[in-house]
Amino acid sequence: MSAVLFALAAGAVIGLALGALGGGGSVLAVPALIYLLGFTPVAATTASLVVVGVTSATALSAHARDGHVRWRTGLLFAAAGTVPAMLGGALAGRLPAAVLTAAFAVVAAAAAVRMLRPRPASDTAVPVRPGRAAAAGAGLGAVTGVLGVGGGFLAVPALVSVLGMRMRDAVGTSLLVITVNSLAALAMRAGTADGLDWAVIAPFAGAAILGAWDGKRLAAKVSGSALQRTFGLVLLGVAAFMMVDAVL
């Protein structure tokens, strides 16, 4: 019973961040699954892809209804990351648990720093640079595949700075990219999904979906910078804890 309660609480927080910020919360899914729910690092990254993929797809529909998803650009960006996501998904099962945990801690720390730094506030579109867009999409796909994170904390800044997308469109479009990359990575992890505890993952995902809807409403009422700072500080603490755990 306590595992289900932990799953509900963690899922709600992750969904809240995904809905409000277009990313960042999903990177908390793996440590929550490992340290609160007892998953191994490989199982946690696989389960995270399930939770993140379903939650992102749900949040995507809400942003799409408001007209803040640039489908063509998002699909092109995601396409560049599909193969790296699949290769990363295949690689993850072969990495030692300590290596996977340490790599995740590094990425989580990078996400925290990114969230604590001010994001560009410009609402002016600039021309897309195809080469840089493909490189950014491929890098994002690889991170998603190996570590089981959606990569929204990387996708939103990339969509703004590399593709010149407006912030609100970047948040909605990042959810499309996350959904596609998560599905691609899961396709290469079918063998690692057999031993997952679906009695825990199901409430986790359900709470995340509900949290994503609340997150979208929260974003309209609370300062985005305040939300970013809060999640960034929490994430920085989680990253430090995971690095210590991997090293000791």
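What you see is a predicted model; the values in this text were computed from it and never measured.

> Please explain the environment of R94 as it appears in this structure.
Here R94 shows up in the loop between α4 (71-92) and α5 (97-116). A polar contact of 2.7 Å, which involves the side chain of R94, links it to the backbone oxygen of A90.

> I tried to follow the nonpolar core on my own but got confused; where do I start?
Soluble globular proteins: nonpolar side chains tend toward being buried together. Ranked by internal contacts, the top residues of the largest apolar core, which has 49 residues, are F39, F104, L147, F204 and L235. Aside from chain neighbours lying at most four places away, what touches F204 is A7, A10, G11, I14, A29, A32, L33, L37 and V51. Membership of the second largest hydrophobic core comes to 16 residues, among which are V162, M165, M167 and V177.

> What is the right way to read the packing of aromatic side chains from this model?
The geometry of an aromatic ring pair is captured by two quantities: the separation of the ring centres and the angle between the planes. Taken as a whole and assessed by the stated rule, the structure comprises one aromatic pair. The interplanar angle of 80° and the centroid separation of 4.9 Å between the aromatic rings of Y35 and F241 together place this pair among those described as edge-to-face. Highlighted residues: Y35 in helix α2 (residues 29-36) and F241 in helix α10 (residues 224-247), separated in sequence by 206 residues.

> Hey, could you run me through helix α3 (residues 41-65) in this one?
Owing to its 3.6 residues per turn, the α-helix aligns residues three or four sequence positions apart on the same side. Taking 1.5 Å of rise per residue, 25 residues should cover 36 Å, and α3 covers 36 Å from first to last C-alpha, within 8% of that figure. Across the 25 residues of α3, 19 count as buried, placing the element largely inside the fold. Positive phi shows up at G67, right after α3, with a value of about 80°.

> Would you take a moment to explain the UniProt feature "transmembrane region" (unreviewed entry) in the chain for this structure?
Cross-referencing UniProt, the feature "transmembrane region" (unreviewed entry) maps to residues 39-62, 74-92, 137-164, 170-188, 195-213 and 225-244 in the present numbering. The span residues 39-62 is 92% helical and 0% strand by assignment, and the distance between its end C-alpha atoms comes to 31 Å.

> What am I meant to see in helix α8 (residues 167-187) here?
End to end, α8 covers 30 Å across 21 residues, agreeing with the expected 30 Å (1.5 Å per residue, within 8%). Counting buried residues along α8, 16 of its 21 residues qualify, which places the element largely inside the surrounding structure.

> Looking at this structure, how should I read empty space enclosed by the protein?
Over the atoms rolls a probe the size of a water molecule, and in doing so it shows where empty space is left. All told, the structure shown has two cavities of 30 Å³ or more when counted by the stated rule. In this structure, the second largest cavity encloses a volume near 30 Å³. As for the second largest cavity, its lining consists of V30, I34, P41, T45, L100, T101, F104 and M242. Only α2, α3 and α5 provide two or more residues apiece to the lining of the second largest cavity. Here the lining of the second largest cavity gets three residues from one element, more than from any other, and that element is α5.

> Which parts of the structure should I look at to understand the packing of α3 against α5?
Relative placement of two packed helices is described by the angle separating their axes and the distance separating the axes. At their nearest, the axes of α3 and α5 sit 9 Å apart, and the two run at 50° to each other. In this view, α3 runs oblique relative to α5, as classed from their interaxial angle. Each of P41, V42 and T45 in α3 lies in contact with α5, whose residues at this interface are A97, L100 and T101. For the contact of α3 with α5, the residue count by class is four nonpolar, two polar and no charged.

Rules of the game
- Residues numbered from 1 in each chain as written.
- Predicted model: local features only at pLDDT ≥ 70, side-chain atom pairs only at ≥ 80, totals over all residues.
- Heavy atoms only, no water.
- Helix = DSSP H or I, 4+ residues; strand = E, 2+ residues; numbered from the N terminus.
- Polar contact = N/O pair within 3.5 Å; in protein donor to acceptor, adjacent residues only side chain to side chain.
- Core = buried A, V, L, I, M, F, W, Y, C linked by side-chain atoms within 4.5 Å.
- Buried < 20%, exposed > 50% of the residue type's maximum accessible area, 1.4 Å probe, protein only.
- Contact = heavy atoms within 4.5 Å.
- Phe/Tyr/Trp six-rings, centres within 6.5 Å; stacked < 30°, edge-to-face > 60°.
- Expected span 1.5 Å × (residues − 1).
- UniProt positions renumbered as here; feature names shortened; annotations may be inferred.
- 1 Å grid on protein atoms, 1.4 Å probe; cavity = no way out; pocket = protein on both sides within 12 Å on 5 of 7 lines; lining within 4 Å.
- Points joined across faces, edges and corners; volume = space filled by probe spheres on them.
- Axes fitted to C-alpha atoms, helices over the stretch in contact; angles between N-to-C directions.
- Parallel < 35°, antiparallel > 145°, perpendicular 65-115°, else oblique.
- Nonpolar A, V, L, I, M, F, W, Y, C, P; charged D, E, K, R; others polar.

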